[in-house]
Amino acid sequence: MGTIYYVALASVLIIGIVCGSLAVFFARLTFINRQLRVAQRKAARMVAEARLESKGVLDEARAAADKLKSQTEAEYRERRSELQRQERQLSTRTETLERKSEAVEQRERNLANKEKEVESIRAQLGEVRNRHLKQLELISGMSTAEAKQALLDTAEVEMRDEASRRLRQFEDKMKEEAALKAQEILSQAIQRCASEVVAETTVTTIPLPSDEMKGRLIGREGRNIRALEQATGVDLIIDDTPEAVILSSFDPVRREVAHLALNKLILDGRIHPARIEEVVAKVKEEVEATLYSAGEQAAYQLGITGLRPELIRLLGRLKYRTSYGQNVLSHSLEVAHLAGMIASELGANVAIAKRAGLLHDIGKAVDREVEGTHSAIGADLVKQWDKSPEVVQGIAEHHLETDATGMWGFIISAADAISSARPGARRESLEGYLKRLKELEDIANGFKGVEKSFAIQAGREIRILVKPEEIDDLGAMRLARDIVKKIEAGLEYPGQIKVTVLRETRAVDYAK
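Residues numbered from 1 in each chain as written. Predicted model: local features only at pLDDT ≥ 70, side-chain atom pairs only at ≥ 80, totals over all residues. Heavy atoms only, no water.

Caption draft 1: Summary view of the overall build of the protein. Within the protein one finds 14 helices and eight strands. On C-alpha atoms alone, the protein measures out to a radius of gyration of 54 Å, which is more than a quarter above the 24 Å that the 2.2 N^0.38 rule sets for 512 residues. Along the longest, intermediate and shortest principal axes, the C-alpha atoms of the protein span 190 × 115 × 40 Å. By the burial criterion, 29% of the 512 residues in the protein qualify as buried. For the protein, the exposed surface amounts to about 34,900 Å²; the carbon and sulfur share of it is 55%. Side-chain charges of the protein comprise 78 positive and 80 negative groups, with the mean position of each set lying 10 Å from the other. (Helix = DSSP H or I, 4+ residues; strand = E, 2+ residues; numbered from the N terminus. Rg over C-alpha atoms; globule rule 2.2 N^0.38 Å. Buried < 20%, exposed > 50% of the residue type's maximum accessible area, 1.4 Å probe, protein only. Areas by Shrake-Rupley, 256 points an atom, 1.4 Å probe, with all protein chains shown as cover. Lys, Arg positive; Asp, Glu negative; His and termini not counted. Charge placed at Lys NZ, Arg CZ, Asp CG, Glu CD.)

Right, dumping it as structure tokens:
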């Protein structure tokens with residue numbers, strides 16, 4: 001009985017579970033159907049909306065296609081009308097070219113006919129010319145070749161005379177114009193520059209407080225004077241000159257060091273080899289600073305910037321360098337001013353001209369140590385530290401030693417000549433001066449046809465009298481050029497030398 005009860009209870013539980021499961025299943029199935037119907041309605045609505053949108057897009061596409069078609073048809077009609085117009089123009093041009101071609105052919109035919117007529121006339125003229133030549137030969141008694149040669153000789157003489165006359169006129173005109181222009185440029189430059197007269201020196205005289213100081217300078221057995229000469233590299237001359245000693249040296253920087261050192265030793269009173277070496281070492285440092293300061297001051301006076309310290313130091317050395325008695329640094333400053341003024345008159349770059357003028361003689365700062373001319377040495381030095389080719393060109397060419405000379409070479413050369421040749425710029429010994437005048441006259445007298453020659457104006461001009469029966473006007477011009485070339489090749493001189501050739505014909509008769 002208990003077993004049946006449990007079985008029945010289990011059956012009831014199973015049936016309950018099954019009924020619950022079925023109820024849950026049907027509830028889920030109802031929910032799914034409801035969701036399915038909602039999804040179907042959404043899908044139907046979306047399909048309807050998509051159909052409406054696709055219909056609108058299709059209508060727009062059809063409208064755009066119709067518009068594009070109409071535009072294409074309009075462009076086609078326009079291009080077709082343009083092609084038709086061009087075809088009509090081409091047809092017109094073709095007809096015009098055909099007409100011109102026919103006209104050209106007609107002209108060619110006419111020219112051919114005229115050429116035949118010209119050839120016929122030329123043959124007739126040749127026959128007439130031959131008959132006339134034979135008649136002229138009979139009348140003159142000369143052959144055609146002889147008559148032609150006589151005419152050529154006459155024409156050659158006339159042409160030579162005419163060429164000489166025109167050449168002389170052209171040269172006179174060019175010289176007049178060039179002289180006026182050169183005078184204008186140089187006078188403007190010279191008027192704007194004023195310089196002092198130079199004083200040449202190779203020795204320096206040191207005043208002494210008393211003659212007793214001479215003995216102290218000499219020292220025991222001459223040790224002080226030897227120490228001083230060895231430390232400075234100059235010769236100390238102590239003679240009978242009262243209360244004075246002389247420093248002699250061709251190196252102006254060394255002479256300046258000895259000058260300053262000796263003055264300090266005299267003022268200090270302590271004179272012995274160790275003190276001499278100490279003072280000379282200090283003075284050398286002071287002189288080096290002075291040299292650099294002098295170079296800087298020179299560049300500052302001209303408004304030149306950007307110079308390398310090496311160039312400034314070499315420039316300062318020119319303060320104690322002289323050439324023909326002329327201070328080279330003062331000369332360089334003067335040349336820089338003159339070059340700038342000449343450049344301004346010519347419309348050239350004034351800054352480049354001043355820079356080249358200031359550095360044009362910088363080779364003289366080391367010309368005792370390096371072989372070559374100071375212009376070539378200076379150009380090589382400046383080329384290392386200054387990248388301006390115009391400045392290097394002006395330095396290298398300022399003595400006209402190169403094969404070709406440019407504008408900057410001529411500007412610096414002119415400024416250098418003005419600074420060197422002005423009165424008081426340089427001193428020259430009487431012996432050298434007379435020797436140069438004699439060499440100048442000997443060069444002129446060495447040419448054939450020269451009667452006399454005179455060097456005048458301190459050797460800056462030579463006047464030459466020639467024999468008129470041996471040298472004509474054209475020969476006088478050639479003689480002047482030849483003498484100029486020989487002077488340039490064989491004579492050293494400052495500035496320039498004017499060569500004047502005079503040809504005079506005198507007719508003398510006596511009335512009786």
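Caption draft 2: Quick look at the environment of phenylalanine 250. For phenylalanine 250, the position within the fold is in the loop between strand 3 (244-248) and helix 5 (252-268). Look at phenylalanine 250 and you get exposed, because its relative accessible area is 69%. Separated by 16 residues in the primary sequence, phenylalanine 250 and valine 234 have C-alpha atoms spaced 8.5 Å apart.

Caption draft 3: Just the side chain of arginine 355, in detail. By the element assignment, arginine 355 lies in helix 9 (residues 350-359). Those residues within four positions of arginine 355 in sequence are excluded, and the remaining contacts are Ile304, Thr305, Gly306, Leu307, Asp386 and Val391. (Contact = heavy atoms within 4.5 Å.)

Caption draft 4: Quick look at a negative patch on the surface. A grouping of Glu95, Glu98, Glu102, Glu105 and Glu108 is seen on the molecular surface, where their side chains present a negatively charged patch. With respect to the helices and strands, the residue glutamate 108 is situated in helix 1 (residues 2-140). (Patch = residues over 30% accessible without salt bridge, like charges linked within 9 Å, V, L, I, M, F, W, Y side chains within 5 Å. Salt bridge = Lys/Arg side-chain N within 4 Å of Asp/Glu carboxyl O.)

Caption draft 5: Molecular detail of the nonpolar core. By size, the foremost hydrophobic cluster in this structure holds 42 residues, and its most contacted members are Leu307, Leu315, Leu358, Leu359, Val382, Val391 and Ile411. Put simply, the parts of the chain that give this core at least two residues each are helix 6 (273-302), helix 7 (309-317), helix 8 (328-346), helix 9, helix 10 (374-385), helix 11 (389-397) and helix 12 (407-421). Top contributing element to this core by residue count: helix 8, with nine residues. Other than its neighbours up to four places away in sequence, valine 391 contacts Ile352, Arg355, Ala356, Leu359 and Val382. Counting 27 residues, the second-largest nonpolar core is a separate cluster that includes Val283, Val287, Leu291 and Tyr320. (Core = buried A, V, L, I, M, F, W, Y, C linked by side-chain atoms within 4.5 Å.)

Caption draft 6: Inspection of a positive patch on the surface at higher detail. Side chains of Arg34, Arg37, Arg41, Lys42 and Arg45 sit close together on the surface and give a patch of like positive charge. In this fold, lysine 42 is placed in helix 1.

Caption draft 7: A look at the side chain of histidine 331. For histidine 331, the location among the structural elements is in helix 8. What makes histidine 331 buried here is its relative accessible area of 3%.

Caption draft 8: Structural detail: a nonpolar patch on the surface. Taken together, Ile14, Val18, Leu22, Phe25, Phe26 and Leu29 make up a surface patch of nonpolar side chains, about 570 Å² in accessible area. By the element assignment, phenylalanine 26 lies in helix 1.

Caption draft 9: Examining the pattern of salt bridges more closely. Taken as a whole and judged by the stated rule, the model has ten salt bridges. A cluster of three or more residues bridged by salt bridges with shared partners is formed by Arg275, Glu278 and Lys282.

Caption draft 10: Representation of the sheet that holds strand 7 (residues 461-466) within the structure. The three strands lie next to each other as 6-7-8, forming an open sheet whose pairing is mixed. A single partner strand is all that each edge strand has here, and the edge strands are strand 6 (450-456) and strand 8 (498-503). Sheet twist, expressed as the average angle between the axes of neighbouring strands with direction ignored, equals 20°. As paired strands, strand 6 and strand 7 are joined by six bridges and run antiparallel to one another. Bridging across to strand 7, lysine 452 finds its partner in leucine 465. Those strands touched by helix 14 (residues 473-490) are strand 6, strand 7 and strand 8, and its axis lies near 155° from that of strand 8. (Pairing = 2+ DSSP bridges. Axes fitted to C-alpha atoms, helices over the stretch in contact; angles between N-to-C directions.)

Caption draft 11: A look at unusual backbone geometry. In this structure, glutamate 221 is a non-glycine residue whose phi angle is positive, near 55°. Checked against the element boundaries, glutamate 221 lands in the loop between helix 3 (212-218) and helix 4 (223-232).

Caption draft 12: Main features of the environment of arginine 122. Structurally, arginine 122 is set in helix 1. Using a relative accessible area of 52% as the deciding quantity, one classes arginine 122 as exposed.

Caption draft 13: Just the confidence of the model for the protein, in detail. Taken over all residues, the pLDDT of the protein has a mean of 80, while the share at 70 or more is 91%. Counted against residues more than four places away or in other chains, residues 194-200, with its pLDDT under 50, gives 13 contacts. (pLDDT = per-residue confidence, 0-100.)

Caption draft 14: Region of interest: helix 5. For helix 5, with 17 residues, the first-to-last C-alpha span of 24 Å sits near the 24 Å given by 1.5 Å per residue. Burial in helix 5 covers these residues: Pro252, Val253, Arg255, Glu256, Val257, Ala258, Ala261, Leu262, Leu265 and Ile266. Following helix 5 by one or two positions, glycine 269 adopts a phi angle in the positive range, close to 90°. (Expected span 1.5 Å × (residues − 1).)

Caption draft 15: Quick peek at the packing of helix 6 against helix 8. Direction vectors running N to C along helix 6 and helix 8 enclose 15°, while the axes themselves pass 11 Å from each other. When the interaxial angle is binned, helix 6 and helix 8 end up roughly parallel. Regarding helix 6 and helix 8, the two cross each other, and that crossing is right-handed. From helix 6, Ala294, Ala298, Gln301 and Leu302 reach across to helix 8, where they touch Leu329, Leu333, Ala336 and His337. Residue classes in the contact of helix 6 with helix 8 are distributed as six nonpolar, two polar and no charged. (Parallel < 35°, antiparallel > 145°, perpendicular 65-115°, else oblique. Left-handed = near helix turned anticlockwise from the far one by under 90°. Nonpolar A, V, L, I, M, F, W, Y, C, P; charged D, E, K, R; others polar.)

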